[in-house]
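The primary structure of each chain is shown beneath.
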Amino acid sequence: MGQKFSNNATALLISSISSSSTSFIVEADKADLFPVCTASGDYFKATLENQSGNIEIIKVNTRIAGSNIFQSVVRAQDGTTALAFSVGSAVELRVVASDVETALGHVSKLSGAHNAAAIAIAPTGAIVDNNVQSVISALDLRATAAQTKADSADVKSDMRMINNQTLNNVDLNSVVKSGAYRVDVIASNAPVGAISSGQLLVIHGDSDTISQLYFNHSNKRCFHRSGNPGQVGGVGSWGAWSEFWHTFNFNPDEKLNLTGGTLTGTLNTRALIVRDSAGSDTSSMITMRDDESPNGQKHIHANSNLIGFLNGAASWAFYVRNDGYIWCSALGWVHEWVIAKCTEFKNAAIAASNCNCNCDCAAANCNCAGRC
């Protein structure tokens, strides 16, 4: 009979094949969508396509009814190259260009190739003419309609998303066909924090840009990246993965607003920079509660090369200057107070050493006249 066709035949490989394999196995429940080829000369053409969009056209010479094994397969048809295909690659019966071109080439020759004697009887079906020109014209219309249908089928095939396909140890940079995938085993270029058995959603329109979404199946984390890498004809690269914040991993009620708020827990930090309301760190303070002080507050304050404490009235109580000198409201400059006290003690000691009255100055009969 020759080449055979069927409508909307599509299935997935359930075992990997090498570039030299001449038989392979497809999904059992999809196998009978493809033509049966058991007689000598019967065959159908099919297209293999992997997750990266690489294709190969093949010629299948044997498929028994009810069987999901394609046998006597001739590889690398119609100018394509024999490739290795992994589990989950698509197998589809598509109208290919060479079939349509053969049909068009056969009917478009208006003279020389055919003569009236070749038409012994009137053709059956919609063609009722029995002269060469009329038959050719009618067949040409049919071929044009077939080409249009083939083009439409190719567009639909290109637009169709892959669903329920499983990836094992596949570089996610190579998964560029739009669709939903299960990632059983994570390979390379997956997001940090992704776990196995997650779901990958690929969005790639008719352009050189692409987006990927990855969803963990257990802890509700989800990630996104986009780019215009070479895998889709772009001149750039994949962008970095970013993680979505949502109500599962981010509760705004537990976060401190940048404009201010109340922190009820413990703050652990390696460094703390305090700024004023204008964002400047040239004049700033830390305010703490003190019920026993005026206004119920105390402050740690830094300003004009000074750092120290303010009292409840926001006046300096104590500070250290950046050159190390210390001041407090009770004593003034501490170093000056220490010097004054030391001088006072020194003078008292000298006076005591010069006393020779040999009397008890605490006694009522002291006559040293205060010299000691």
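First, a word on what this report is: a plain description of the structure on this page.

How each quantity is defined
- Residues numbered from 1 in each chain as written.
- Predicted model: local features only at pLDDT ≥ 70, side-chain atom pairs only at ≥ 80, totals over all residues.
- Heavy atoms only, no water.
- Helix = DSSP H or I, 4+ residues; strand = E, 2+ residues; numbered from the N terminus.
- Polar contact = N/O pair within 3.5 Å; in protein donor to acceptor, adjacent residues only side chain to side chain.
- Phe/Tyr/Trp six-rings, centres within 6.5 Å; stacked < 30°, edge-to-face > 60°.
- Buried < 20%, exposed > 50% of the residue type's maximum accessible area, 1.4 Å probe, protein only.
- Pairing = 2+ DSSP bridges.
- Salt bridge = Lys/Arg side-chain N within 4 Å of Asp/Glu carboxyl O.
- Contact = heavy atoms within 4.5 Å.
- Patch = residues over 30% accessible without salt bridge, like charges linked within 9 Å, V, L, I, M, F, W, Y side chains within 5 Å.
- Areas by Shrake-Rupley, 256 points an atom, 1.4 Å probe, with all protein chains shown as cover.
- 1 Å grid on protein atoms, 1.4 Å probe; cavity = no way out; pocket = protein on both sides within 12 Å on 5 of 7 lines; lining within 4 Å.
- Points joined across faces, edges and corners; volume = space filled by probe spheres on them.

### Focus on the side chain of K177
Reasoning step 1: Along the chain, the position of K177 falls in the loop between β7 (162–170) and β8 (179–186).
Reasoning step 2: A distance of 3.2 Å separates the side chain of K177 from the side chain of E49, its partner in a polar contact.

### So, the packing of aromatic side chains
Reasoning step 1: Tallying each qualifying case throughout the model produces 9 aromatic pairs.
Reasoning step 2: Ring geometry for F44 and F70: centres 5.6 Å apart, planes at 85 degrees, overall edge-to-face. With a gap of 26 residues between them, F44 in strand β3 (residues 44–49) and F70 in strand β5 (residues 69–77) connect regions that are remote in the sequence. In this pair, the class of F44 matches that of F70, namely buried.
Reasoning step 3: Note on W316 and Y319: the rings are 4.9 Å apart at their centroids and 70 degrees apart in plane angle, and the pair reads as edge-to-face.
Reasoning step 4: Judged by its relative accessible area of 24%, W316 falls in the partly exposed class.

### Some points on the pairing of β3
Reasoning step 1: Where burial is concerned, most of β3 is hidden: 6 out of the 6 residues are buried.
Reasoning step 2: Neither face of β3 is exposed, since F44, A46 and L48 on one face and K45, T47 and E49 on the opposite face are all buried.
Reasoning step 3: Where β3 meets strand β4 (residues 55–62), 6 bridges bridge the pair, whose relative direction is antiparallel. Paired with L48 across the two strands is E56, which belongs to β4.
Reasoning step 4: As consecutive antiparallel partners, β3 and β4 are separated by 5 residues, and within that stretch G53 has a phi angle of approximately 90 degrees, a positive value.
Reasoning step 5: With 3 bridges joining them, β3 and strand β6 (residues 90–92) adopt antiparallel strand pairing. Within β6, the residue paired with T47 across the bridge is E92.

### Focus: the pattern of salt bridges
Reasoning step 1: Evaluated as defined, the whole model comprises 12 salt bridges.
Reasoning step 2: For the salt bridge of E27 with K30, the shortest nitrogen-to-oxygen distance reads 3.8 Å.
Reasoning step 3: One salt bridge in this structure joins E92 and R94, with 2.7 Å as the shortest N-O distance. Exposure class is identical for E92 and R94. Each is buried.
Reasoning step 4: Residues joined by salt bridges that share partners form a network here, namely E49, E92, R94 and K177.

### So, the side chain of D99
Reasoning step 1: Looking at where D99 falls in the secondary structure, it is placed in helix α1 (residues 97–107).
Reasoning step 2: Assessed through its relative accessible area of 15%, D99 is described here as buried.
Reasoning step 3: In this view, D99 contacts Q3, F5 and K45; residues no more than four positions away in its chain are not counted.

### A few points about the sheet that holds strand β2 (residues 24–25)
Reasoning step 1: In spatial order, the strands read β1-β6-β3-β4-β5-β2; together these 6 strands make up an open sheet with antiparallel pairing. Looking at strand neighbours, the two that pair on one side only are β1 (10–12) and β2, the edges of this open sheet.
Reasoning step 2: Sheet analysis places β1 next to β6, joined by 3 bridges and oriented antiparallel. Bridged to T10 within β6 is E92.

### What about a nonpolar patch on the surface?
Reasoning step 1: Nonpolar side chains collect at one region of the surface, where L256, L263 and L267 lie side by side and expose about 300 Å² of accessible area between them.
Reasoning step 2: Relative to the elements of secondary structure, L263 occurs in the loop between β12 (242–243) and β13 (284–289).

### Looking at empty space enclosed by the protein
Reasoning step 1: Under the defined criterion, the tally for this structure stands at 1 cavity of 30 Å³ or more.
Reasoning step 2: If you add up the space inside the largest cavity, you get close to 30 Å³.
Reasoning step 3: Lining the largest cavity are L167, N168, N169, V170, L172, V183, V185, I186, A187 and A190.
Reasoning step 4: Looking at the lining of the largest cavity, the elements with two or more residues in it are β7 and β8.
Reasoning step 5: For the lining of the largest cavity, the element with the highest residue contribution is β7, accounting for 4 residues.

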